[in-house]
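Summary of the model geometry
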2 protein chains.
Amino acid sequence: MAMDLSSPYSPARSPATLAARCGSPHLVLRRPRLATVRCSVDAPKQVQVQGRPAAVAAEQAPAARKECYGVFCTTYDLKADEKTKSWKSLVNVAVSGAAGMISNHLLFKLASGEVFGPDQPIALKLLGSERSLQALEGVAMELEDSLYPLLREVSIGIDPYVVFEDAEWALLIGAKPRGPGIERSALLDINGQIFAEQGKALDAVASRNVKVIVIGNPCNTKLDENRAKCQLALKAGVFYDKVSNVTIWGNHSTTQVPDFLNSKINGRPVKEVIKDTKWLEEEFTKNSSKGVLIEKWGRSSAASTAVSIVDAIRSLVNPTPEGDWFSTGVYTSGNPYGIAEDIVFSMPCRSKGDGDYELVKDVAIDDFLWERIKKSEAELLAEKRCVAHLTGEGNAFCDLPGDTMLPGEV
Amino acid sequence: MAMDLSSPYSPARSPATLAARCGSPHLVLRRPRLATVRCSVDAPKQVQVQGRPAAVAAEQAPAARKECYGVFCTTYDLKADEKTKSWKSLVNVAVSGAAGMISNHLLFKLASGEVFGPDQPIALKLLGSERSLQALEGVAMELEDSLYPLLREVSIGIDPYVVFEDAEWALLIGAKPRGPGIERSALLDINGQIFAEQGKALDAVASRNVKVIVIGNPCNTKLDENRAKCQLALKAGVFYDKVSNVTIWGNHSTTQVPDFLNSKINGRPVKEVIKDTKWLEEEFTKNSSKGVLIEKWGRSSAASTAVSIVDAIRSLVNPTPEGDWFSTGVYTSGNPYGIAEDIVFSMPCRSKGDGDYELVKDVAIDDFLWERIKKSEAELLAEKRCVAHLTGEGNAFCDLPGDTMLPGEV
């Protein structure tokens, strides 16, 4: 599962392929089945659906829609309304772990228009667990109370085969956090199973062009990029909007490689601006203690994690500024850098703003950078062997080196 | 303190006046004193400043600014930069209770541009307590990591006389929540003292034109208005953007009066659209059980409360749509409805978008509505007597009727 868990993003791939095995660029989707989500303001009843875990009940709603919550069950015609007729078509966004802390920030950002823009109406499809279903209803109530004009539909449920139906974006946040004493290998196995199951559901019912962003632990590369930008700005004494071309290469672990060779400050190479090579090679490279600090002080970093998810999506739905790039974990197949194929590895990317990305091909790599990239690559290949049983590549063999979990990732 | 605590807003008034006594429309500000906030990425040291509670240390920063956090200490010239030279001047926004759950949502909304607009750079001045100071540092770190271009300055501290300096907006969120067994009268006293102290600090050091929004318990009228809109939409089977002209009259308690006489759905009077008078007079009027439900299910409603604060500010910095209004708790002095003077009472308002408001004068009031308004007015007058010792109006005499705390307000 190394290739899946290490990546926040795998666009234009089959989600099932993502969860099952890598390298196959095309997907075949089964026909969507009928949804079985209720429409009511009362607490949901649970029923057994086709032997799968209890799904939200299929009370036939008074309104025409089958999947909805409360006021989001109303019918409307965006094209007939003067205020909304110039809007784009509704986009279906599925979010797992929807009752959790990161979602509690992210969903409101999605609904406000901050992510997809002020003319993009949105349908939120929220996946929770049996345990979190009432909290999920609370989330839907709070979304109602927020009166966001762009938020047109909200559905909630605990069956991914229902909730993911027709999803055009799938933001997979729900995963087991790393509790005390849980090894990285155990986490890869547990969360690998979660994502494998959700990948199958996406394959079965999501939109053919669904974009999948895996956020659940240990995936978080975009936040690392933001933190690296902030570190460089702080060291150079400039505002962070002057820092560009920052790449995080590799895994989301202590082997991740923040690239100071190609990063720029005010358009100039970082090494020309920050002369402190020792700081760049040592402190900057391993400076991820922020997470520890934030959490030690009794806070999660849910808010900034949600912001980094927003950034990851915005990087794909807005054209990348000329000359700049962003980094995100993507499939290595066909990469120009000689990184092993068939893993998911954070690399520099550009987007035309169409939701897709292309790799930046001409990024310089020196010996120092290459050595570190190879180390992160070796780790990802080892992690991939840990979850071979989930990817259909035989028996798992898990022999990870020392603990490379990033501090603060609990 | 009834007039203060009942109101989320008192623009163009002296904050000290707000906290001390009502009715005086003008304010005289003392000269701002020098700030004593540090600039460093290390954990702050605390020192005693002029006998007041420990303030954040006055380490002389390497950067030119005196009050700042981390990367927000950098100097920049917005007017010299092609990307930012068309922006407005920086707006100073102070937030109390900045390490709390509501702020954890609100601060990121302020920083993103969602509240004041995409060309309004912002300085956040965050007030915490001694106990929450490290968490506050975590908040500042998360704001750094979010790389919001509009967020130009962040300062943190625990001394309102320092943190509120030059504040143009003051969002007073920090207050004692209502724990088990705490009476409304006790809460009025405790939080009244907090707001009185902060009012004095605002009077001393804030901008002459500071706008003050009091959110701390029991103030929350804008969320009530949002919930009322949602209830009407749900009952009528329309989307909530079709509901307008909703007023909450009075206090933020079970005596609050959601006005269905003047509210409109698709431009038509609610009573023409919703024929169920019993529902309007009974369920709609007392339908505030949502808060209970949300909290019973293990969630706070911090996110939607933050959204309602955003709505309250946006109502004042954007022109009110023609024919519509919003409601918020404001001084009753000179009101056209015969409501007692010198209390803070939620009423229908309009704004030109200049940050100020005017009362809507021609709203119809029938016997049913008037009777309820008088009941809420009586409660506010009684609550005012509870905090007479804080407003300089003699000895407090507190004789409140039964518990009118809204459910969910804990």
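Everything numeric here is computed off the predicted structure, so don't read it as measured data.

Structural notes on the relation of the copies chain A and chain B
For the match of chain A to chain B, the screw axis carries a shift of 0.0 Å, the RMSD comes to 0.0 Å, and the turn is 180 degrees. In symmetry terms, the pair is related by a two-fold rotation axis. Relative to the rotation axis, the C-alpha of His105 of chain A is the closest in chain A, positioned 3.4 Å from it. A share of 98% of interface residues in chain A that are also interface residues in chain B marks the association as one of identical surfaces.

Focus: the side chain of Thr320 of chain A
All names here are of chain A. When you line up the elements, Thr320 lands in the loop between helix H11 (302–317) and strand E13 (326–331). Accessibility expressed as a relative area gives 11% for Thr320, which makes it buried. Residues in contact with Thr320, not counting those within four places in the same chain, are Ser315, Trp325, Phe326, Arg350 and Ser351.

Topic: the interface of chain A and chain B
Size of an interface, as often reported, equals the accessible area lost when the parts are brought together. Across the contact, 54 residues belong to chain A and 53 residues belong to chain B. Summed over both sides, the interface between chain A and chain B buries roughly 4,800 Å², with carbon and sulfur atoms accounting for 59% of that surface. At the boundary of chain A with chain B, the tally comes to six salt bridges. Across the pair Asp145 of chain A and Arg227 of chain B runs a salt bridge whose closest N-O atoms are separated by 3.1 Å.

Some details on the pairing of strand E7 (residues 211–214) of chain B
All names here are of chain B. Burial along E7 is two-sided: the residues Lys211 and Ile213 and Val212 and Val214 are all buried. The pairing of strand E6 (residues 169–172) with E7 spans four bridges and is parallel. The partner of Leu171 across the bridge, within E7, is Ile213. Crossover connection from E6 via helix H6 (residues 184–205) to parallel E7: handedness right-handed.

Describing the sheet that holds strand E11 (residues 264–265) of chain B
The sheet built from three strands is open, its strands ordered E8-E11-E12 (chain B) with antiparallel pairing. Single-partner strands in this sheet number two, and they are strand E8 (243–244) and strand E12 (268–269) of chain B.

Concerning the packing of helix H3 (residues 101–112) of chain A against helix H3 (residues 101–112) of chain B
Their axes nearest at 11 Å, the elements H3 of chain A and H3 of chain B cross at an angle of 35 degrees. The handedness of the crossing between H3 of chain A and H3 of chain B comes out as right-handed. Facing H3 of chain A, whose interface residues are Asn104, His105, Phe108 and Lys109 of chain A, H3 of chain B presents Asn104, His105, Phe108 and Lys109 of chain B. The residue inventory of the contact of H3 of chain A with H3 of chain B, partitioned by class, reads two nonpolar, four polar and two charged.

Looking at the sheet that holds E13 of chain A
All names here are of chain A. Reading across from one edge, E13-E14-E15 is the order of the three strands in this open sheet, with antiparallel pairing throughout. Bordering the open sheet on either side are E13 and strand E15 (358–359), each of which pairs with just one other strand. Looking at chain direction, strand E14 (residues 344–350) and E15 are connected through two bridges and run antiparallel. Directly across from Cys349, in E15, lies its bridge partner Leu359.

Quick look at the pairing of strand E5 (residues 151–157) of chain A
Consecutive side chains along a regular strand alternate between the two faces of the sheet. All names here are of chain A. In terms of burial, E5 is largely enclosed, as seven of its seven residues are buried. Pairing of strand E4 (residues 122–127) with E5, which is carried by six bridges, proceeds in the parallel orientation. Note that in E5 the partner of Ala123 across the bridge is Glu153. Handedness of the crossover is the feature at issue here: the chain leaves E4, passes through helix H4 (residues 133–145), returns alongside E5, and the resulting connection is right-handed.

As for the environment of Pro177 of chain B
Checked against the element boundaries, Pro177 of chain B lands in the loop between E6 and H6. Taking the relative accessible area as the measure of exposure, Pro177 of chain B reaches 51% and is therefore exposed.

Description of the pattern of salt bridges
All names here are of chain A. Evaluated as defined, the whole model comprises 27 salt bridges over all chains. The shortest N-O distance in the salt bridge between Glu82 and Lys85 comes to 3.3 Å. In this structure Lys85 comes out as partly exposed when scored by relative accessible area, which is 40%. Connected through shared salt-bridge partners, Lys222, Glu225 and Lys229 make up one network.

Section: the packing of aromatic side chains
Counted under the stated rule, the structure contains 16 aromatic pairs over all chains. The interplanar angle of 55 degrees and the centroid separation of 5.7 Å between the aromatic rings of Tyr76 of chain A and Phe239 of chain B together place this pair among those described as tilted. Here Tyr76 of chain A is found in the loop between strand E2 (52–56) and strand E3 (91–96), whereas its partner Phe239 of chain B is found in the loop between helix H7 (221–236) and E8 on a different chain. Here Phe260 of chain A and Phe368 of chain A contribute two aromatic rings whose centre-to-centre distance is 5.7 Å and whose plane-to-plane angle is 50 degrees, an arrangement assigned as tilted. Taken together, the positions of Phe260 of chain A in the loop between strand E10 (257–259) and strand E11 (264–265) and Phe368 of chain A in helix H12 (residues 367–386) put the pair 108 residues apart, joining distant regions of the chain. Judged by relative accessible area, Phe260 of chain A falls into the buried class, the value being 5%. What makes Phe368 of chain A partly exposed here is its relative accessible area of 24%.

A look at the environment of Gly394 of chain A
Residue and element names in this part refer to chain A. Secondary-structure assignment places Gly394 in the segment after helix H13 (388–391). The exposure class assigned to Gly394 is partly exposed, which follows from its relative accessible area of 42%. Separated by 35 residues in sequence, Gly394 and Leu359 place their C-alpha atoms 30 Å apart. Setting aside its immediate chain neighbours within four residues, Gly394 contacts Ala388 and His389.

Structural notes on the confidence of the model for chain A
Residues and elements named next belong to chain A. Averaged over chain A, the pLDDT score is 82; the fraction of residues at 70 or greater is 80%. Note on residues 1–66: pLDDT is under 50 here. Beyond four places in sequence and across chains, it has 213 contacts. Across the interface, the model reports ipTM at 0.84; the global pTM reads 0.85.

Side note on the packing of helix H7 (residues 221–236) of chain A against H11 of chain A
Residue and element names in this part refer to chain A. One can describe the packing of H7 onto H11 by two numbers: an axis separation of 8 Å at closest approach and a directional angle of 100 degrees. Accordingly, the angle class assigned to the pair H7 and H11 is roughly perpendicular. Contacts between H7 and H11 involve Lys222, Leu223 and Asn226 from the first element and Ser304, Thr305, Ser308, Asp311, Ala312 and Ser315 from the second. Per-class residue counts for the contact of H7 with H11 are two nonpolar, five polar and two charged.

Cut-offs and rules
- Residues numbered from 1 in each chain as written.
- Chains lettered and ligands numbered in written order.
- Predicted model: local features only at pLDDT ≥ 70, side-chain atom pairs only at ≥ 80, totals over all residues.
- Heavy atoms only, no water.
- Least-squares fit on C-alpha atoms with pLDDT ≥ 70 in both.
- Contact = heavy atoms within 4.5 Å.
- Helix = DSSP H or I, 4+ residues; strand = E, 2+ residues; numbered from the N terminus.
- Buried < 20%, exposed > 50% of the residue type's maximum accessible area, 1.4 Å probe, protein only.
- Buried area = accessible area lost by both parts, 1.4 Å probe.
- Salt bridge = Lys/Arg side-chain N within 4 Å of Asp/Glu carboxyl O.
- Pairing = 2+ DSSP bridges.
- Right-handed = clockwise from strand over helix to strand, strands pointing away.
- Axes fitted to C-alpha atoms, helices over the stretch in contact; angles between N-to-C directions.
- Left-handed = near helix turned anticlockwise from the far one by under 90°.
- Nonpolar A, V, L, I, M, F, W, Y, C, P; charged D, E, K, R; others polar.
- Phe/Tyr/Trp six-rings, centres within 6.5 Å; stacked < 30°, edge-to-face > 60°.
- pLDDT = per-residue confidence, 0-100.
- Parallel < 35°, antiparallel > 145°, perpendicular 65-115°, else oblique.

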